[in-house]
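Architecture at a glance
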Amino acid sequence: MADRPRVTIHVDGEAFVVDRTRNLLDVCLNLGLDLPYFCWHPALGSVGACRQCAVKIYQDEDDQRGRLVMACLSEPAEGARVSIADPEARLFRKAVIEGLMVNHPHDCPICDEGGECHLQDMTVMTGHSYRRARFAKRTYHNQYLGPLLNHEMNRCIQCYRCVRFYRDFAGGDDLDVFGAHDDVYFGRAEDGILQSEFAGNLVEVCPTGVFTDKSLKQHYARKWDMRSAPSVCHHCSLGCNLFPGERYGELRRVWARYHGEVNGYFLCDRGRYGYAHANHERRLRSCLRPRGAERAAEAVTKEQALAQGGSALGRGGKVLGIGSPRASLEANFALRTLVGDQRFYQGVAAREALLVAKAAAILREGPVPSASLREVERSDAALVLGEDVTNTAPMLALALRQTARAQTIPPAVAQGIPRWHDAALREVAQSDRGPLYLASAAPTKLDDAARRVFHAVPEELARLGFAVARALDSAAPEVPELSAEVAELAEVIARDLESAESPVVVSGTSLGSEALLDAAAAVARALERARAEKERTRVFLVLPEANSLGLALLGGEPLEAALLEIEEATTVVVLENDLERRLRDDRLERALKRAAELIVVDHLAHDTAARATVLLPAAAFGEADGTFVNNEGRAQRFYQVFVPEEPIQASWRWMRELEAAAGRREMADWHGLDDVLRALATAAPELAGVTEAAPGADYRIAGARVPRAPHRYSGRTAMQAHLNVHEPKPPEDPDSPFSFTMEGAQSPPPAALLPRLWAPGWNSVQSLTRFQEEIAGPLRGGDPGVRLLEPRSANGSHADAATGGYPDGAPGAWSARAGELRVIALHHAFGSEELSALAAPLAELTPEPYLALSPGDAEGLGMSEGEALTVTLGSIRLNLPLRLLDGLPSGTVGVPVGLAGVPAGVLPEWSRLEGP
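Per chain, residues are indexed from 1 in the order of the written sequence. Given that the model is predicted, a residue must reach a pLDDT of at least 70 before its local features are reported, and side-chain atom pairs must reach 80 or more before they are shown or counted; all residues, however, enter totals for whole chains, interfaces and linings. Here the side-chain values reflect all heavy atoms present in the structure, with hydrogen atoms and water set aside.

Below, the discussion takes up the overall build of the protein chain. Helix numbering and strand numbering both begin at the N terminus, where a helix is a DSSP run of H or I of at least 4 residues and a strand a DSSP run of E of at least 2. A count of helical and extended segments in the protein chain gives 28 helices and 36 strands. Radius of gyration here is computed from C-alpha atoms only, and the compact-globule reference equals 2.2 Å multiplied by the residue count raised to the power 0.38. Taken over the C-alpha trace, the protein chain has a radius of gyration of 28 Å; the compact-globule value for 916 residues is 29 Å, and the two agree within 12%. Projecting the C-alpha coordinates of the protein chain onto the three principal axes gives extents of approximately 90 × 80 × 55 Å. Residue burial is assigned from relative accessible area. The probe radius is 1.4 Å, only protein chains are included, and a residue is buried under 20% of its type maximum, exposed over 50%, and partly exposed in between. The burial tally for the protein chain puts 63% of its 916 residues in the buried class.

In structure tokens, the structure reads:
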């Protein structure tokens, strides 16, 4: 804030030095003052729709009358005298909320928002406590909006937040406002499923109970009756922060946990609703001894399971360990320690391991730093190479929509419009789009926000990237046989990226192409050379899973290498991984059959678990602590919310107990998570920073732990009364500074340990303003996590960054093959990711498996939509209904990754067409 203009204002007689670029409402909230509001939101800006934030402004000390203004639409001026407590301002605010509440049903006791409702808080804050209206209330029809949200329009106060978020911020087009004056309706033109991947944010954006969480309603609990802890999303590589809530030993919901550099205020629906896999019928809750596909698994005691596993590990011979990118760093490291560095395998296919390793090398070696999501959002130009980000990393799509808008804001600011005045900025911008360029293999939902789009096979997308690099820097590799159309597009992209203040280059691994990653690195390097005097360029690489980068930094060979060793192995330990999902290969099935002992540690039953000789139940999301490293190299800690039923425990603890059962003691002194992290930091220097990601288990506030349960938590004894009328002893937690009760420190903990949002008078998520250093800025004390990877060339010198070389050449021009189709991996936000696909609400949104062709290719084959198409992918034969996809390149077949019966992970490059 030091470089922003500052002014001194007086609020109710007290002087404050404040940021001149913020509006008065923002300023007052920053100062910790209570000023009610509805329509304003830190991420959405000001429109002045609700008139609730009225304050009195006086021209000078002699002005005794003053004038009422809306704080969200007023700038702080030097010497301004502002009164929140002025009687006329207070009466105005009270009258406004009384008018807003005239048609409200006053159904707080049965409303899902009760106890965490912003409308309740503001009603109390304004002093409106007596209802004078006696006439019949206006009523509305409530719509079916799909499996995620309930709709109760009678509670609406016309703040317009929902449509401003859904349409203006998230780019949705199937929710709108209908009507006029005080008779307006927020919903769809007709009942139907909301199509945006961000629809669940309406639950938190809405200040009342119009949009509520339908999944929570199935097992409802009040906010004050749920224990919660800070956590990290497990469903893609971005590492968004969230709060899971638990009641009666079951996860009940997830809501957004603010992180100034990652997800900000929002979550995608995959992250918000995907938690339900932890409650799935496939959950493993006891030690099992599977007995083949035709017979039910035999339940055994923990002691019996450990005895069998320990005997297998201790009898000598070759022991292999297969890790997982959906398991924590601590769990993977414990497995590596159990089996030895040389016998630890990553648990992903070789192609995926190669791609992630290349991405890690780009982040480590340069040429430019990795962008955070917030930096992408603040960028004013972007090139996306190959990724359908809406489906592979949805929150990145949300950030890129703001990128597309960024360059339309300076002309409005030049006309004197403040950046926070959202309505005026959009009026000036109209339909203008900033320099967002999308190069993808098929049409995407983000195409509407782009200035130009380019659809082609991965090789041609990479050639476009190299052409952009060449247009920026003549030292970049030349691209042979480049068409005039692509060359012209490359020149346009290069010109806009070079002239931008803070451009970002986005790519990833979803299409399975090394060339795309090379092209992204080449564009970034060329930009850095061409823009020597400007702010640094950034690169953003999307990876397959939540801990893909952490697993790559830990090391280990890919899954195919393990297949060569399994035949000679006496014992194989598989960690949180369905290998048959990773590698659809007959060799894997034969190898697993040859394994003498197969020990599987997981929280889900799956095909690999069915082959186990010992099956140990691991803790699922919300049941254990651990660390993930996201796609930008940020290590973040997630925490256990509740203690699961015996014998479920964290995977790393199973490894420790297996080692002890085998008669070894290398992990004997690992009594808590901190011990594991210290050992990890010593064994893997590149991961040494993980110990700084969050405070250790010995952290205390005035000698007290941080309570997971809020201070209004109820029924602790009653929940166990059917077992024992005496209050049970609270569980102990050796892994974190948290307690499992409401007892503990009441002072706010560090950001990494913040378990929920609540402040006196602010029971809703709007209380977040009390925990930020500044509105929409970092949390107090800094945002959670620590960056582990910074490029060695990114030391502040553009000259150093520019000295590196380019990747070896651009790929040659692509050509089709007779009788074969180039495979295009199509990803879906709902269904392609393993864990969230098990959540019932998201399963309803998952498409049925299909194969896609362009209309021209389908016509050439004499096929129409819905007919069965048969293709072969390596050893896998798919016979699925045909879907026509406009924009899919000719000579290709689109394969929806991870849908039922369709391989997950990196697909083969070519498929054989067997015919209709």
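So that's the structure; there's more coming.
Here Arg285 lies in the loop between helix H7 (269–273) and strand S14 (288–289). Spatially, the C-alpha atoms of Arg285 and Asp602 are 9.9 Å apart, while their sequence positions differ by 317 residues. The contact definition used throughout considers only heavy atoms, calling two residues in contact when any of these lie within 4.5 Å. Not counting residues up to four positions away in its chain, the partners in contact with Arg285 are Ala278, Asn279, Pro617, Glu645, Glu646, Pro647 and Ile648.

Each pair of packed helices can be summarised by the angle the axes make with each other and by the distance between the axes. Note on method: axes are straight lines fitted to C-alpha atoms, helices fitted across the in-contact stretch only, with angles between N-to-C directions ranging 0 to 180 degrees. Viewed as axis vectors pointing N to C, helix H8 (residues 302–314) and helix H24 (residues 651–661) meet at an angle of 65°, and their least axial separation amounts to 7 Å. In this structure, H8 meets H24 at a crossing whose hand is right-handed. Taken together, the residues of H24 that come into contact with H8 (itself represented by Lys302, Leu306, Gly309, Gly310 and Leu313) are Trp654, Glu657, Leu658 and Ala661. Under the convention adopted here, Pro, Cys and the residues Ala, Val, Leu, Ile, Met, Phe, Trp and Tyr are nonpolar, Asp, Glu, Lys and Arg are charged, and Gly plus all remaining residues are polar. Broken down by class, the residue content of the contact of H8 with H24 amounts to five nonpolar, two polar and two charged. Helix crossings are classified by the rotation of the near helix relative to the far one: an anticlockwise turn of less than a right angle makes the crossing left-handed, while a clockwise turn makes it right-handed.

Attention now goes to the pairing of strand S25 (residues 614–617). Alternating residues of S25 divide into Val614 and Leu616 and Leu615 and Pro617, and every residue in both groups is buried. In this description, strands pair whenever DSSP reports at least two bridges between them. Sheet topology places strand S24 (residues 597–602) next to S25; four bridges connect them, and they run parallel. Each residue of the ladder has a partner; that of Asp602, found in S25, is Pro617.

A separate point is the packing of aromatic side chains. Given two aromatic rings, one states the distance between the centres and the angle between the planes to describe the pair. Put simply, two rings from Phe, Tyr or Trp (the six-membered ring, in Trp's case) pair if the centres are within 6.5 Å, and we call them stacked under 30 degrees between planes, edge-to-face over 60, tilted for the rest. The full count for this structure, using the stated rule, is 14 aromatic pairs. Aromatic side chains Tyr140 and Tyr185 sit 5.5 Å apart centroid to centroid with 65° between the ring planes, which places their arrangement in the edge-to-face category. You can see Tyr140 sitting in the loop between helix H3 (118–126) and strand S6 (149–151) and its partner Tyr185 sitting in strand S8 (residues 183–187), a full 45 residues away along the chain. For the pair Tyr140 and Tyr185, one class covers both residues: buried. Geometrically, the ring pair formed by Phe628 and Phe638 is tilted, given 4.8 Å between the ring centres and 50° between the ring planes. In this pair, Phe628 sits in strand S26 (residues 626–629) while Phe638 sits in strand S27 (residues 634–638), placing the two residues 10 residues apart along the sequence. Each member of the pair, Phe628 together with Phe638, is buried. Through pairs of rings, three or more aromatic residues link up here, namely Phe165, Phe169, Tyr258, Tyr265 and Phe266. For a ring to carry a charge above it, either NZ of a lysine or CZ of an arginine must fall within 6 Å of the ring centroid while also lying within 35 degrees of the normal to the ring plane. Here the guanidinium or amino end of Lys302 rests over the ring plane of Trp654, the centre of that ring lying 5.5 Å away.

Our focus in this paragraph is the nonpolar core. Only buried residues count toward a nonpolar core, which is a set of Ala, Val, Leu, Ile, Met, Phe, Trp, Tyr and Cys residues joined through side-chain atoms within 4.5 Å. Ranked by size, the top nonpolar core spans 133 residues in total, and within it Phe165, Leu396, Leu436 and Phe540 carry the most contacts. Top contributing element to this core by residue count: helix H13 (residues 394–406), with seven residues. In this structure, Leu396 is in contact with Leu238, Leu373, Val376, Val389, Val506, Phe540 and Val542, ignoring residues within four places of it in sequence. By size, the runner-up hydrophobic cluster in this structure holds 64 residues, among which are Leu383, Val468, Ile493 and Ala825.

So, about the packing of helix H9 (residues 329–339) against H24. Look at H9 against H24: their axes get within 8 Å of each other, and the N-to-C directions meet at 15°. Between H9 and H24, the crossing angle belongs to the class labelled roughly parallel. As for how H9 packs across H24, the hand of that crossing is left-handed. Contacts between H9 and H24 involve Glu330, Ala331, Ala334, Leu335 and Leu338 on the former and, on the latter, Ser651, Trp652, Met655 and Glu659. Each residue belonging to the contact of H9 with H24 can be placed in one class, and the counts come to six nonpolar, one polar and two charged. Should an angle lie under 35 degrees it is considered roughly parallel, over 145 roughly antiparallel, and from 65 to 115 roughly perpendicular; all remaining angles are considered oblique.

Turning our eyes to something else, we now look at the pattern of salt bridges. Here, a salt bridge means any side-chain nitrogen of Lys or Arg that lies within 4 Å of a carboxyl oxygen of Asp or Glu. Tallied over the entire structure, the rule returns 60 salt bridges. Between Lys217 and Asp112 there is a salt bridge; the shortest N-O distance is 3.2 Å. Taken together, the residues Lys217 in helix H6 (residues 214–217) and Asp112 in the loop between helix H2 (87–100) and H3 connect sequence positions 105 residues apart. With a shortest N-O distance of 3.3 Å, Arg326 and Glu834 are connected by a salt bridge.

Spatially, S26-S27-S30 is the arrangement adopted by the three strands of the open sheet, whose pairing is antiparallel. Either end of the sheet is taken by a strand with one partner, and the two such strands are S26 and strand S30 (786–787). Here four bridges tie S26 to S27, and the two strands are oriented antiparallel to one another. Bridge pairing in S27 links Thr627 to Arg637.

Let us look at helix H15 (residues 422–429). Looking at H15, one finds that the buried residues are Asp422, Ala424, Leu425 and Ala429. The buried residues of H15 all sit within an arc of 165° when viewed along its axis, so they share a single face. At the exit of H15 stands Gln430, carrying a positive phi of roughly 50°. The arc in question is the one spanned by the directions pointing from the helix axis to the C-beta atoms.

Looking at the protein chain as a whole, its pLDDT mean stands at 93, while 98% of the residues score no less than 70. Per-residue confidence from the predictor is reported as pLDDT, which spans 0 to 100. The low-confidence segment residues 794–803, where pLDDT is below 50, has 19 contacts with residues more than four positions distant or belonging to other chains.

A few words on the sheet that holds strand S2 (residues 14–19). Pairing within the open sheet is mixed, and its five strands lie in the order S2-S1-S5-S3-S4. Bordering the open sheet on either side are S2 and strand S4 (67–70), each of which pairs with just one other strand. Between one strand axis and the next, the sheet turns by 40° as a mean value, whatever way the strands run. Inspection of the sheet shows strand S1 (residues 6–11) paired to strand S5 (residues 81–83) by two bridges, in the parallel sense. Paired with Val11 across the two strands is Val82, which belongs to S5. Its contacts with the sheet place H2 against strand S3 (54–58), S4 and S5, and it is angled at close to 155° to S3.

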